[in-house]
Structure formats: C-alpha cells, structure tokens
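# Remarks on the overall topology
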Amino acid sequence: MHLFGIWTLMAALQVVVVGGEAEHSLSSKEGALPCTRGFTQKEYIIEMDQELAKGQAVFNVSFMDCSGGKVWFEVGAPSDFRVSERGVVYTLRHLSLEGKGKAVVMVYARDLLSKQEWKTRVHLHMGPQQVQTSDATLTGQVPEILFPWRRTVVRSDGSLRRLKRDWVIPPINVPENSRGQFPEDLVRIRSDRDKNRMLRYSVTGPGADQPPNGIFIINPISGQLSVTKPLDREHISNFHLRAHAVDLNGNQVENPIDIVINVIDQNDNRPEFTHTIFNGSVPEGSKPGSFVMTVTAVDKDDPKTANGMLRYKILSQNPQSPSSNIFTINNKTGDIITVAAGLDREKVTLYTLIIQATDMEGNPTYGLSNTATTIIRITDVNDNPPEFTTDTFFGEVHENRVNVIITNLTVTDKDQPHTQAWSAVYRITAGDPTGRFSIPTDPTTNEGLLTVVKPVDFELTRSFMLTVEAENEVALSRGIHLPRQSTATVSVRILDINESPEFSPSPKSIKLEEGLTARSLLTTFTAQDPDRFMRQTVRYSKMYDPANWLEIDPVNGQISTIAILDRESPYVKNNLYNVTFMASDNGIPPASGTGTLQMYLLDINDNAPHVFPPEVEMCEKPDPNGINITASDPDLTPNAGPFAFELASRPSDVRRNWTLSRINGEYAQLRLRITSLASGIYKVPIMITDSGNLPMSNTSFLRVKVCQCDHHGDCVDMERIIAAGLGTGAIIAILICIIILLVLVLLFIMWMKRRDKERQAKQLLIDPEDDVRDNILKYDEEGGGEEDQDYDLSQLQQPDALESDCVKVGIRRMDERPLHHDHQYPLRSAAPHPGDIGDFIHEGLKAADNDPTAPPYDSLLVFDYEGSGSTAGSLSSLHSSSSCGDQDYDYLGDWGPRFRRLADLYGGGDD
C-alpha cells in the first residue's frame, strides 16, 4: 500500500451538465420520456487544468440520434480542438489557460442526409481537482474515487440549476509478487449519494466475477476495493474492472465507472536463451569485422523497464588459438563478429564460446544472468591446391583397347574432403594432340583415372608422354597460386597384340551378268595383316553364301563360281547379292577378320513369259464376253515386254471357240467366237513371246471356268458353292465327332442294361404272401384288438435254460474276411426249426456266391459287434443244416391272427 500512499487523479477535466435533472440518473428516464433528437444539453461548463497536452481528451458531449441517421460532429472557433464520432473532444496542440480564466467552445452536429444542424456551447473554466493528492499523501489514507457528482449553482437570473461532473479514472498500479497481508486494500469507491441513502457497491470483469475469479473483491458497504493474492505480470499484465453502485432495491443510482489496474513489473525472471546451443559458421581466413551469427535471449519481464533490458557478453573462448579474443559480441543485439585474423580450418575446425545474458541492462549486482553455448565452425575455402604425390607416373595399355584405365594419378589436398575445394579436376596439357586419353576423377579417392578413349596403334606409336595438371572444382582463394607440385608427367607404353587381317575395301563391289557358268573366275578379294613386325600367313574361307554360288582360294583369295548365277533368285535383293569371307592368320592367339563381296547382277533374257492371271471365270452367255489377260516375266526391261500373244493351233477347237486380240504391248483380250458355252473348265493354250535380244516364247494354259451367272454376272453354280463351303478336312472332322458320339451313346445304354441285370440278380423273388419279413415287420398298428392281447411276451425272449448243444452252427463263406479271430462274446443259439426262413437265407447266400459283380467281401454277411450279454441269437447262425432240439411253437397260435403265420411255420403243421 505504500505505492498508493499518493493518489494522483489524472482526470484532465470535469464536465458540468447544465439543465440536468436532479437526483435521478439519466438512464432511468430514457424509457419514460419521448426521444428528442439533438444534444442532451444546450450548455456545458467544464472545469479543467491550466495546462493541456496535445491530443488530450478534454470533455465529451452527448447526442441523442434516435436512430435518425449518421451525424457529423465539428468544433467551431477557436480551432484548437477536434471532436470524434463518439463526441469526445481532444486538443490539437498544447494549450495553456493560465491568465485567461475561461473560454467558450461551440460544438456542432450535422445530419449528412437532411442537412439539419444542432449546436451546444461549452464553457471552459479552471477548477480544482476532485481528489487532493496532497491530502492522501499526508494522511496516508486509501485513495478515494467518487462517482460523477452533481451540485446546484445559481444562474445570473437568480434561478437554480444542477451541474454534473464526469472524469476519466486514472489506472491503479499494483506491484506483482507483493508479500503484504491479503486482502490488500487498493482504493475506495464512493458515491456522493450515500449521504441520504444506503448504497451497495460491486465490481465486475475478469479478475472479479469472471475468470480468473476472486482476485479483486469490494466491500459492498464501504466500497473498499482489495486484492486477495499476489499478482503475476507475466501471466496478466492488467485488469479492466467496472464498479457499480445500487440502492437496497437493486436500482442503479450511478452509471458504472471503468477501473484499470496495471500490474507493476518486478525483476523476477532470468533471461532465457532461445536455444541451449547455438550453431554458427564463418569461412576460414575471414577479415576482422566479419559477421558470424546472432544469439538471442528473452526475458519475460517488462521489456520497457530495466527488468527486461538484456546485455550480452562472451565469458570464454575455446580454443584460445591463435588468440583468446578472436570474436566479440554486440552487447545489445547479440551479433557475434570477428575481431582478429588468423582463422584456419586446417588448424582449428571449430570454436566454443560461452555467452552470458544479463538483465537490468547488464548490471552485475542487481541483474539476473543466464548462459548458453555457441559452437562456431570454421568453413573451408579453397586455400590449398591439390599436389601430386610424385612427379612421374607410369602405365601401359594394349593397342586397339578403349575405355581401359591405364594408371591412377594420386594427389593430396588439405582442404575439407568431399567438397568442391577438395575435389580435383585433371587436365592433359601436352602429349595428346588427338585426344586419345581422358582423366576422370574417382569421387571417393579423388584419384585421377587415366583412361584410353580412342584406339592406339602400336605400329604407329609405341609410347606417349603426357603432361597432366590438377586443379580444384572451384578457383583458389585470392592470392594463392598453383605450385609446381600440381603438375606431373605420365609415361604410357603401348603393348603390341595380334591384330586381325583387314579386307580392303570392305565391302568390295563388282558388276557381272547373271547366268555365268560354274568355275568362272570373278575377282580376287585379299586382306592385309596390320602386324607389320610379325611374319604371319593369312588364309581365306567362305563364311556366308546363302545360295552357295561362290568359292574362294584359301591362299591367294581368288573367287570363282561353283553354280550358275541367277538374278531372279530369292537371295538376290535389288539385283545385289552379298557374300561374306573370312581371313585368318596363324598368330598366337590366331586372329581373323571378315570382308563382304557385293555383286551387282545384270539381267539377261533367261526367263520365258507366262500368262497372267492363270485362271479366269466366264458366264455361259457372257455379255460382254471378253477377258483381258497379260503376261508375267521375271526378267527386267528390255528382256520382258512388250509381249506378243497368240492362240495355239492345237487342239483344233481352241480357235473354233475362242479368239485372241491384242490390246497393247502388255495386254490382250480373249473372247468367245460362239454365243454360249456349256458350264465347265476349259484350258486355253496361249503362246506368249517377250522382247528380249534373243526372244523367248512359252505356251501356257489359261484356265477358264464357265458357269451359270446371276443378273449381276456372278457365278452361282454348285461348284462355286461347294468351293466356298466346308473343306474335306472339316467334313472328316465332323464325321469323326458323330461316330464318337454314337459310340458313347451305345456304351451308356449297355451300362444301363448291365446295371438293371445286377439289380434283378440281387433281388430275391419271393411271393409276397410267403415273405416273412413283410408279414412280420410291415404293419401300421401299434396294437391289435382285444382278441390279440392274450399272449405271453416272455416267450419271445431266448430262455437261459436252452440245451448246451443248441448253439450256433454258422457257415462262413470261404472268401469272407473275418472281423475277429476269436469272439469275445457268447454265441447266440439258433432257432430249432428255421423252416422257410432258413431256406430264404440259404438262397440268398447262393445268389451272393454266384453273383460275378459282388464285392470280394459281401457286406450283407458282415455284422457289427453289438455288445456282450444279448439274449437274442445272431442272424448269422441261421442255416438250413442247423440241428437243435425240438421246441414247441404251438402256443403261437393262441396269440391271435397276426402270429398265426408263425405258428404254421414253426408249429409243425402240414402247411
């Protein structure tokens, strides 16, 4: 509270409203009175300070627009003020009313649409401040803020009028991190209306009734505003509250006033660097004053105060080479620059600096500090040229080889590896005028790879002496020149190899007429061995001769024919025929070369012409009945056309039925002498003669198909239809498919009949009346009548007192697979007189034994084991030859009509 011992009210003015209503707020009557457009007061009386700063808010006027449209405000003379759209009047320059006492200002309002104008008069007077700071200072009391107050003054005519005064409440300053007792009083808010009524005070806004709630509280009776806990400027730097005054009924008695609470900063935060480690770089050899990097620290305290003003300095440098103060830092901006020369990456690659930032403008006593690490890397520049490891390099390569590495050229460069300042570029400056060598660079080792890129002939040059220079991809730094070690000599020796013989020229072209006979000498085609310093023998052979027309002498290379040359051969293209020969020497290892002989064959008249097309069609009654034909001759002009066409004299009916007339040297027309001709195929012999120097003639047959034609002149005979239909192969395939289908149908029918026979063989044909199974098992009643109820069911069970000799005498088939070697359950006894049932089963056994389609093990005769202790006998024990003691089954006749059949079978009756 010691900071608030003096309360300075910064209100620059007090506005007195003339003609206002007494004891009632303006807002409470707006709803009851009709809205009148214009200024709320005709005159204003303003009490203000003697000195007014430029741009200071002096007073404000109220205008009721009643939603009538936009109004423009302006201030009349003097022109020392301006008015805003909200009616607030500001000074345009510094004003002083000392010695003047008072002034009058006219404020106008003008409707931009209707051009209607209103005005009000403002009287400016020097008056006392509402809050006396000296009193507050002397008494040490809490400052007091009054709501706008009203008073009554006497007009010049003796009447009374109320005056209303408004002011701007200055902000309240509260230091953060206060250690006083809470709640801590800040200011008292009071209305002058509390003299004649009880009022209640309250505050609203963030920090009071809005988040963060409860920081500021107010005594509702006394109006004492207090803070409840320490404030943190870095969290919230100011609070905007609104104070309210109401009566006991909750009615507003004063307009709310705005209160601004500023949190005063304290130095409670250390500077924080934006990075723990800063990274920067500077080229080696940089001059003093070269910029390196910028380090930045921030302080959460108010940067407008010394609490947030930082200063930087370098605490240490490592290594301290070549001096301990290579770098310096701008204490305000954090820019690091060089202050000394001597940066050399090859000696020191990086420097580590410890930077300190201190607030309170770097005051070491009161300021808070923090440090960060700065790593400055010295970047490489091309200040070291590449140097060869030796003055002379040696290499060798075989002649006629290309893209072969001869030798590796090694250099050293102290610059940073794998950079442009380290990568070497090799250049041949002398010894290779024809460009037979190149030196690419190995990107990994930086070595120069001397490579031959053009064939070198040992017979021409046996060695090369090259001068090579090495440079970097980028130019050297200023003032540095290539030393002598950047140039070297390379001696290259050429090795001789056995080279292939070479035909010259290749290909070799000759012209000759076709039709040459075998053993005709054509030309000599030889090859030369480029190995002049080797005595070698060359031998010739034929490598490619598709028509097999030529041969070559293996010693002297003379070429002769072994067959007649024919220009019309399919191996001749555009009158050219190519043959490839091979020449081989006897070197170690042997070498061979090839050459091509290209023969241009001249045409002779060696082919007779033929009629074309060889087959034509004609209607029985042609209209027109002429057919145009020509001739085909493989020879070239003048050994081909023009042609002479003539009908042969034999057979005699040819000239009787046909006539041949010449159209031109290439075509002739064949016509019928008669009006019609029967359908069929006619062969018309035509003799054709070409125009060669020695003309050749040939008689060829023109195949003429005479057929019936439709109205379009097209053949419609059956022969054409058959020719256009299915071929012989297709018809045979269809017949084979039909035969296969029929065979499959027959096989299916045979299989169905065989299956029916098998079913009939297995079925036992027994009279339904004698079928015991049907008579015993097939009935639908669950019980009979009263006459069928008198029988003893215990008689149906096998008694335990049967004779021991009445046991199963089973007959097993020889091909039956036994399920068990030794039965582990008691054998069941058989009925003493099986009767027809035994015969029935015996017949079934015979049928199964004689059935050729039955499986090896008859499933009908294999029974599963049903468990031990059964008193019923097994059906497998029934057999016609079984012998047991006689049993009396006559009692079955007393059981009713359903058991009468059993009584007849087993009771010993005649039936």
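See the structure shown above.
A quick note: this is a predicted structure, and the numbers were derived from the prediction, not measured.

Definitions and cut-offs
- Residues numbered from 1 in each chain as written.
- Predicted model: local features only at pLDDT ≥ 70, side-chain atom pairs only at ≥ 80, totals over all residues.
- Heavy atoms only, no water.
- Helix = DSSP H or I, 4+ residues; strand = E, 2+ residues; numbered from the N terminus.
- Buried < 20%, exposed > 50% of the residue type's maximum accessible area, 1.4 Å probe, protein only.
- Contact = heavy atoms within 4.5 Å.
- Pairing = 2+ DSSP bridges.
- Disulfide = S-S within 2.5 Å.
- Axes fitted to C-alpha atoms, helices over the stretch in contact; angles between N-to-C directions.

Let's shift gears to the side chain of serine 491. Checked against the element boundaries, serine 491 lands in strand β40 (residues 487–495). Given a relative accessible area of 18%, serine 491 falls into the buried group. When sequence neighbours within four positions are dropped, the list of residues in contact with serine 491 reads Phe393, Phe394, Gly395, Phe464 and Met465.

Turning to the side chain of serine 423, a few remarks are in order. Relative to the elements of secondary structure, serine 423 occurs in the loop between β35 (411–412) and β36 (424–430). We classify serine 423 as buried; its relative accessible area is 15%. Those residues in contact with serine 423 that lie beyond four places of it in its chain are Asn446, Glu471, Asn472 and Glu473.

The next thing to look at is the pairing of strand β29 (residues 335–338). The side-chain alternation of β29 yields one buried face, formed by Ile336 and Thr338, and one unburied face, formed by Asp335 and Ile337. Where strand β25 (residues 291–294) lies against β29, three bridges are found, and the strand directions are antiparallel. Each bridged residue has a counterpart across the sheet, and for threonine 294 the counterpart in β29 is aspartate 335. Counted between consecutive antiparallel strands, the loop separating strand β28 (residues 327–329) from β29 contains five residues, among which glycine 334 sits at a positive phi close to 85°.

Next up on the list: the state of the cysteines. Evaluation of the coordinates by the stated rule reveals one disulfide. Across the disulfide from cysteine 619 sits cysteine 709; the S-S distance is 1.9 Å. What sets the handedness of the cysteine 619 and cysteine 709 disulfide is the S-S torsion sign, and at about -105° it is left-handed. Highlighted residues: cysteine 619 in strand β51 (residues 615–619) and cysteine 709 in the loop between β57 (697–707) and α4 (718–724), separated in sequence by 90 residues. Judged by its relative accessible area of 28%, cysteine 709 is partly exposed.

Attention shifts here to the sheet that holds strand β43 (residues 521–524). Strand order in the open sheet formed by three strands is β43-β47-β46, and the pairing between neighbours is antiparallel. Edge positions in the sheet fall to β43 and β46 (550–552), since each of these pairs with one other strand and no more. For this sheet, the mean inter-axis angle between neighbouring strands, taken without regard to orientation, is 25°. Pairing of β43 with strand β47 (residues 558–561) involves three bridges; the strand directions are antiparallel. Within the sheet, the bridge partner assigned to threonine 523 lies in β47 and is isoleucine 559.

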